[in-house]
Amino acid sequence: MGLKQGVKAAWDKTLSPLFEEFSAEVLVQSVDTVTTTVDPLYDEPIAEKRFTDPVAVRARVKLEKERLVLPGGEDIEIDGRIRVRSEELEAKGISLEIGSRITFQGERYTVVHREARAELGEEFLLVQVAVVKESA
């Protein structure tokens, strides 16, 4: 067994079940690109964003205010980070991209940054997103 296969086996056998044990249910809504009018030049919604129906997934949620420096050097204040297993997102057909909405414990958050984490060869085991709480 090679290193990649060993790491994948450890993930499947031990780490993924631990992730499940210490995770919570969140609801994810992607931006509905079919019904949301988007500016063709800036790829930003022109009118109100429309979302897909909520889908429940297991996630590790860490709510904590911090400053995040984006790859372009811009810094933003975030309200937390959420990690989801890539395979669960794929299995449920969810696109967890910037602008997606996540509901956790009755509060809504908007995804402002997305990272693929825990890379194993070409495969990403986790997706981590930075979120900002939506104002009421």
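Analysis parameters
Residues numbered from 1 in each chain as written. Predicted model: local features only at pLDDT ≥ 70, side-chain atom pairs only at ≥ 80, totals over all residues. Heavy atoms only, no water. Helix = DSSP H or I, 4+ residues; strand = E, 2+ residues; numbered from the N terminus. Buried < 20%, exposed > 50% of the residue type's maximum accessible area, 1.4 Å probe, protein only. Contact = heavy atoms within 4.5 Å. Areas by Shrake-Rupley, 256 points an atom, 1.4 Å probe, with all protein chains shown as cover. Salt bridge = Lys/Arg side-chain N within 4 Å of Asp/Glu carboxyl O. Core = buried A, V, L, I, M, F, W, Y, C linked by side-chain atoms within 4.5 Å. Polar contact = N/O pair within 3.5 Å; in protein donor to acceptor, adjacent residues only side chain to side chain. Phe/Tyr/Trp six-rings, centres within 6.5 Å; stacked < 30°, edge-to-face > 60°. Lys NZ or Arg CZ within 6 Å of the ring centre and 35° of its normal. Pairing = 2+ DSSP bridges.

This part takes up the overall build of the chain. If you tally the helices and strands in the chain, you get two helices and six strands. The linear arrangement of helices and strands in the chain, starting from the amino end, is α-β-β-β-α-β-β-β. Burial statistics for the chain: of 136 residues in total, 35% are counted as buried. Counting only contacts in the chain whose residues sit at least 6 apart along the sequence, the fraction spanning at least 24 positions is 56%. Here the chain displays about 8700 Å² of accessible surface, and carbon together with sulfur accounts for 50% of that area.

On to the pattern of salt bridges. With the rule as written, the count across this model stands at twelve salt bridges. Here Arg67 and Asp75 are joined by a salt bridge, their closest N and O atoms 3.2 Å apart. Residues Glu88 and Arg85 are paired through a salt bridge, measuring 3.5 Å at the closest nitrogen-oxygen approach. Of the two residues, Glu88 and Arg85, both sit in the buried class.

Take the nonpolar core next. Core analysis: the largest hydrophobic core is formed by 16 residues, its most contacted members being Leu96, Ile102 and Val129. At the level of elements, strand E1 (24-29), strand E2 (55-69), strand E3 (75-85), strand E4 (101-104), strand E5 (107-120) and strand E6 (123-133) are the ones that each hand at least two residues to this core. Top element by residues in this core is E6. It accounts for three residues. With near-sequence residues (within four places) excluded, Leu96 lies in contact with Val28, Val84, Leu89, Ile102, Val111, Arg114, Val127 and Val129. Core analysis: the second largest hydrophobic core is formed by five residues, Leu68, Leu70, Ile78 and Ala130 among them.

Looking at the secondary structure, you find Glu134 in the segment after E6. In the structure, Glu134 is positioned 55 residues away from Asp79 in sequence and 9.9 Å away in space, judged by C-alpha atoms. Setting aside chain neighbours within four positions, we find Glu134 in contact with Arg101, Arg108, Tyr109 and Thr110. Within the structure, the side chain of Glu134 is placed 2.9 Å from the side chain of Thr110, a separation counted as a polar contact.

This part takes up the packing of aromatic side chains. One pass over the full model with this rule turns up zero aromatic pairs. For Arg101, the ring lying beneath its charged end belongs to Phe51, and the centroid distance is 4.1 Å.

Successive residues of a regular strand alternate their side chains across the two faces of the sheet. Across the two faces of E4 the burial is the same, with Arg101 and Thr103 and Ile102 and Phe104 all buried. In this sheet, E4 lies alongside E1 in antiparallel orientation, the contact comprising three bridges. Counterpart to Gln29 in the pairing with E4 is Arg101.

This part takes up the side chain of Gln128. With respect to the helices, strands and loops of the structure, Gln128 is situated in strand E6. Judged by its relative accessible area of 3%, Gln128 falls in the buried class. Separated by 2.7 Å, the side chains of Gln128 and Arg83 make a polar contact.

Examined bridge by bridge, E1 and E2 share five bridges and lie antiparallel to one another. Along E2, the bridge assignment pairs Leu27 with Ala56.

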